[in-house]
Amino acid sequence: MKFIVDNIFLIGLVIISGGALLVPYLQQRGSKLSLLEATQRINTGKALVLDVRDTEQFAASHLRDARNIPLKELAQRIGELDKFKSKSVIVVCQSGTQSGKAEGILKKAGFTEVYGLTGGIAAWQVQGLPTAGQKATK
């Protein structure tokens, strides 16, 4: 007990540091797919790729066969995706941070298999994976 009282500041610092390390894991919402997992699902044809970036960003570069519905319009345009409820939906944003919001909207609308692309299209392009659009790579 004396040890705890004598070192309360250090113990508190350790607890706060440990909590700070856990914050990113606790904030991560939704299910995520790695680039490899996403590529496998796309190649089997069992997944719909939904790009939730703005139309200008989408036009510049996007995953092949992706559908674009900007995140701010997704709730109003969700009906356009009803025929894809039996497929997995891979949500793509710029860096993987906005896809969680879209996943929530889709799950509320009855989609059961919804995943965010880890790292978004930025990670996709860094790995040199194929894209379509005006600034398409490989």
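A. View of the nonpolar core. Membership of the largest hydrophobic core comes to 16 residues, with the highest contact counts inside it found for Leu50, Leu74, Leu81 and Leu106. Contributions of two or more residues to this core are made by β2 (47–51), α5 (71–77), β4 (88–92) and α6 (99–108). The residues touching leucine 74, leaving out its near neighbours within four places in the chain, are Leu50, Ile69, Leu81, Ala102, Ile105 and Leu106. Core analysis: the second largest hydrophobic core is formed by 14 residues, Leu63, Ile90, Tyr115 and Trp124 among them.

B. Local environment of the packing of aromatic side chains. The final tally for this structure, using the stated rule, is 0 aromatic pairs. The residue whose ring lies beneath lysine 85 is phenylalanine 111, and the NZ or CZ to ring-centre distance is 5.6 Å.

C. Focus on the pairing of β4. For β4, the tally of buried residues reaches 5 of 5 residues, placing the bulk of the element in the interior. One ladder, built from 5 bridges, connects β2 with β4; its direction is parallel. Within the sheet, the bridge partner assigned to alanine 47 lies in β4 and is serine 88. In the sheet, β4 pairs with strand β5 (residues 114–117) via 3 bridges, with the strands oriented parallel. Across the sheet, residue valine 91 finds its bridge partner in β5, namely glycine 116.

D. Structural context of the sheet that holds β4. A sheet is described by the order of its strands in space; here 5 strands give the open sequence β1-β5-β4-β2-β3, paired in parallel fashion. The open sheet is flanked by β1 (32–33) and β3 (67–68), the only strands paired with a single partner. Relative to the sheet, α6 contacts β1, β2, β4 and β5, its axis offset from that of β5 by approximately 170 degrees.

E. The arrangement of the pattern of salt bridges in detail. For the coordinates displayed, the defined rule picks out 7 salt bridges. Between arginine 53 and aspartate 51 there is a salt bridge, and its shortest N-O distance comes to 2.8 Å. Taking relative accessible area as the criterion, arginine 53 reaches 6% and is therefore assigned buried. For aspartate 51, a relative accessible area of 0% puts it in the buried group.

F. Spotlight on the pairing of β5. Here β5 shows two buried faces, one formed by Val114 and Gly116 and the other by Tyr115 and Leu117. The pairing of β1 with β5 spans 2 bridges and is parallel. Bridge pairing in β5 links lysine 32 to glycine 116. Once you follow β4 into α6 and on to β5, the crossover reads as right-handed.

The rules we used
- Residues numbered from 1 in each chain as written.
- Predicted model: local features only at pLDDT ≥ 70, side-chain atom pairs only at ≥ 80, totals over all residues.
- Heavy atoms only, no water.
- Core = buried A, V, L, I, M, F, W, Y, C linked by side-chain atoms within 4.5 Å.
- Buried < 20%, exposed > 50% of the residue type's maximum accessible area, 1.4 Å probe, protein only.
- Helix = DSSP H or I, 4+ residues; strand = E, 2+ residues; numbered from the N terminus.
- Contact = heavy atoms within 4.5 Å.
- Phe/Tyr/Trp six-rings, centres within 6.5 Å; stacked < 30°, edge-to-face > 60°.
- Lys NZ or Arg CZ within 6 Å of the ring centre and 35° of its normal.
- Pairing = 2+ DSSP bridges.
- Axes fitted to C-alpha atoms, helices over the stretch in contact; angles between N-to-C directions.
- Salt bridge = Lys/Arg side-chain N within 4 Å of Asp/Glu carboxyl O.
- Right-handed = clockwise from strand over helix to strand, strands pointing away.

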